[in-house]
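Listed below, chain by chain, are the residues.
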Amino acid sequence: MPSLAGLLRAIDTVGTAASIGGRTILSLDTNVVPAEWSHITKIDPEPAKQLPLAYPLYLQHTGPVSVGGSSDVTDATTEETFDLVNAAGVTAFHEPSAARHITDRTREQAEFLAIPEVLNGDAEALVGTLGEGVEYAKEELAPAMIAEKLPVPLGEGLRGKLADFAASWLLHDSIFEAYIIMNLDSAAAREANVTEETLLTPREAKQRALAAEHHLGSEVVYLEYSGTYGGQEAVEILEAIDGAVSGPRLWYGGGLADREDTRTVLDAGADAVVVGNVFHEIAPEETTLFADAVEALGLDADRGAIEEWIPSQVDPEETSAARYLSTITDVPDPERRAVRYLAAGVQFGLALQSIARDLEDPDAAALRRALAGESVPGETAFADAMDEGARELARRLGVSVLADAFDVETGDGFESRHLAIDLSADAR
């Protein structure tokens, strides 16, 4: 009679063979990363990189959101960012830059955990950070989860085995992103110790991608130029990788300025583009327009008047809002849509400023009452982007912004430090 260990090995062998055969011989798509994702927005939880108040309008057009950043990010700011994104009904996954950014709460909020492994950096970038993450999962995160979910005395041996299981399951339930970093003048290159000598030719990139597919089991191969457009070099690398690998999704990130750039890398073989910086640049744009509108239009300006006014202040084609929307190839007339969305954010801010003007030293209950009427600022605009929940999202955002303006703790709103518009004390 075979031993239990032998039986498990046999089952594992059969399962592995079936998976490999299905993927290679039958050409079945077994990748858990959806093939239909063609646009991904990267949101940094660093409080300095804020969201526009009308962020749900923009994010309705993207595929998923990738939550993760490298500077001034904490587990708390990561959870807060997931709160905002999830409330808008947008799918989000977690790409942490440090193990301690992963919490039980982020695991519940994220579609999956995406673990980066840099193929052309140093050993620390490939396996060192992963080892640190496994250690954290095994020795801190898993025991804390076990203690919370199984609040009964457990022997040290059983607790340790459960922690091992939980850490292994966390990795099993994650996806791995095989990064090729090609911009030396970037934080990503510095952190991974990518040097001139480790930049890859198209053939070398293809070889690393093959290793990622067949040895590392990576679900994603990610060509990263970090804020700089890769141009013809990126096209040649994408074409080489696309012709060699079949299992992983091929993503491109870096410096996409317009629709032409996006179509170029997609035509070269990228399955999806990743856009980050330009999305965050919308927030100060919206804030500046809001501050100018307070003086120029007054707090009662309607959305139509704001839409007519915005082109007198900015060139719609040159706005970050239009540049972000233009990277999403199925969004028609991104310049016109950018004006509409900027106007929606400005109108939302003006309505909240008007409410703030009528409040005097409010407490949390007063703020909630101020946004409990039949018409909630922002609700109509958000309803265009959300199937349900527009009213509740607008209310929570409004309470958060008002609470920040009056320095009130509510306990039921979002962290407004992630939202750009700041109500003006002079207008109250």
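Residues numbered from 1 in each chain as written. Predicted model: local features only at pLDDT ≥ 70, side-chain atom pairs only at ≥ 80, totals over all residues. Heavy atoms only, no water.

Asker: So what's going on with the overall build of the chain? Which residues, and what values?
Answerer: The helix and strand inventory of the chain stands at 18 helices and eight strands. Within the chain, contacts between residues separated by at least 24 positions form 71% of all contacts whose residues are at least 6 apart in sequence. Accessible surface, the chain as shown: approximately 19900 Å² in total, 49% of it carbon and sulfur. (Helix = DSSP H or I, 4+ residues; strand = E, 2+ residues; numbered from the N terminus. Contact = heavy atoms within 4.5 Å. Areas by Shrake-Rupley, 256 points an atom, 1.4 Å probe, with all protein chains shown as cover.)

Asker: Can you break down unusual backbone geometry residue by residue, with the values?
Answerer: A positive phi angle, near 55°, is found at Asn193, a position not held by glycine. With respect to the helices and strands, Asn193 occurs in the loop between helix H7 (187–192) and helix H8 (202–216). Positive phi, normally seen in glycine, also occurs at Asp407, with a value near 55°. Tracing the chain through its elements places Asp407 in the segment after helix H18 (390–406). Relative accessible area serves as the criterion here: at 72%, Asp407 is assigned to the exposed category. (Buried < 20%, exposed > 50% of the residue type's maximum accessible area, 1.4 Å probe, protein only.)

Asker: Break down the pairing of strand S1 (residues 39–43) for me, citing the residues and quoting the values.
Answerer: It is a general feature of regular strands that their side chains alternate between the two faces of the sheet. Counted residue by residue, S1 has four buried out of five residues, so it is predominantly covered. Of the pairings in the sheet, the one linking S1 to strand S8 (residues 272–275) comprises three bridges and is parallel in character. Residue pairing in the sheet places Thr41 in a bridge with Val275 of S8. Examined bridge by bridge, S1 and strand S2 (residues 65–67) share three bridges and lie parallel to one another. Following the sheet pairing, Thr41 is matched in S2 by Val65. (Pairing = 2+ DSSP bridges.)

Asker: Give a detailed account of the packing of helix H12 (residues 282–296) against helix H15 (residues 334–357), specifying residues and quantitative values.
Answerer: Contact pair H12 / H15: the axes reach a minimum separation of 9 Å and the direction vectors enclose 50°. The angle between the axes of H12 and H15 places the two elements in the oblique class. Here H12 runs over H15; the crossing is right-handed. Each of Ile282, Glu285, Glu286, Leu289, Phe290, Ala293 and Val294 in H12 lies in contact with H15, whose residues at this interface are Leu342, Gly345, Val346, Gly349, Leu350 and Gln353. (Axes fitted to C-alpha atoms, helices over the stretch in contact; angles between N-to-C directions. Parallel < 35°, antiparallel > 145°, perpendicular 65-115°, else oblique. Left-handed = near helix turned anticlockwise from the far one by under 90°.)

Asker: If you had to explain the packing of H8 against helix H9 (residues 231–242) to someone new, which residues and values would you point to?
Answerer: In contact at an axis separation of 8 Å, H8 and H9 are set at 40° when each is read in the N-to-C sense. As judged from the angle between their axes, H8 and H9 are oblique. In the packing of H8 onto H9, the handedness of the crossing is right-handed. On the side of H8, the interface is formed by Pro202, Ala205, Lys206 and Ala209, while H9 contributes Glu236, Ile237, Ala240 and Ile241. For the contact of H8 with H9, the class distribution of residues is six nonpolar, no polar and two charged. (Nonpolar A, V, L, I, M, F, W, Y, C, P; charged D, E, K, R; others polar.)

Asker: Can you break down the environment of Leu256 residue by residue, with the values?
Answerer: With respect to the secondary-structure elements, Leu256 resides in the loop between strand S7 (249–253) and helix H10 (259–267). Leu256 sits 18 residues away from Val274 along the chain, and the two C-alpha atoms are 8.8 Å apart. Among all residues touching Leu256, those that are not within four sequence positions of it are Tyr229, Asp261, Thr262, Val265, Val273, Val275 and Thr327.

Asker: Break down the environment of Asp185 for me, with residues and values.
Answerer: Tracing the chain through its elements places Asp185 in the loop between strand S5 (175–181) and H7. Judged by relative accessible area, which is 64%, Asp185 ranks as exposed. Distance from Asp185 to Tyr225, taken between C-alpha atoms, is 9.3 Å for residues 40 residues apart in sequence.

Asker: Tell me about the side chain of Glu219, and please be specific about residues and values.
Answerer: As for its position among the elements, Glu219 is in the loop between H8 and strand S6 (220–224). A distance of 2.8 Å separates a polar atom in the side chain of Glu219 from the backbone nitrogen of Phe176. Residues within four places of Glu219 in sequence aside, it is in contact with Asn31, Val32, Val33, Ser174, Ile175, Phe176, Pro248 and Arg249. (Polar contact = N/O pair within 3.5 Å; in protein donor to acceptor, adjacent residues only side chain to side chain.)

Asker: Can you lay out the packing of aromatic side chains for me, pointing to particular residues and giving the numbers?
Answerer: Taken as a whole, this structure holds 12 aromatic pairs when the rule is applied. Taking 5.9 Å as the distance between ring centres and 35° as the angle between the ring planes, the aromatic pair formed by Tyr225 and Tyr252 counts as tilted. Here Tyr225 is found in the loop between S6 and H9, whereas its partner Tyr252 is found in strand S7, with 27 residues between them in sequence. Accessibility assignment for this pair places Tyr225 and Tyr252 in one class, buried. (Phe/Tyr/Trp six-rings, centres within 6.5 Å; stacked < 30°, edge-to-face > 60°.)

Asker: I'd like a rundown of a negative patch on the surface, residues and numbers included.
Answerer: A cluster of acidic residues, Glu233, Glu236, Glu239, Asp242 and Asp271, forms a negative patch on the protein surface. Among the structural elements, Asp271 can be located in the loop between H10 and S8. (Patch = residues over 30% accessible without salt bridge, like charges linked within 9 Å, V, L, I, M, F, W, Y side chains within 5 Å. Salt bridge = Lys/Arg side-chain N within 4 Å of Asp/Glu carboxyl O. Lys, Arg positive; Asp, Glu negative; His and termini not counted. Charge placed at Lys NZ, Arg CZ, Asp CG, Glu CD.)

Asker: Break down the sheet that holds S2 for me, with residues and values.
Answerer: Read across the sheet, eight strands follow the order S3-S2-S1-S8-S7-S6-S5-S4 without closing on themselves; strand pairing throughout is parallel. Because the sheet does not close on itself, it has two edges, and the strands there are strand S3 (92–94) and strand S4 (114–118). Across the sheet, the mean angle separating the axes of adjacent strands is 30° when strand polarity is ignored. In this sheet, S3 lies alongside S2 in parallel orientation, the contact comprising three bridges.

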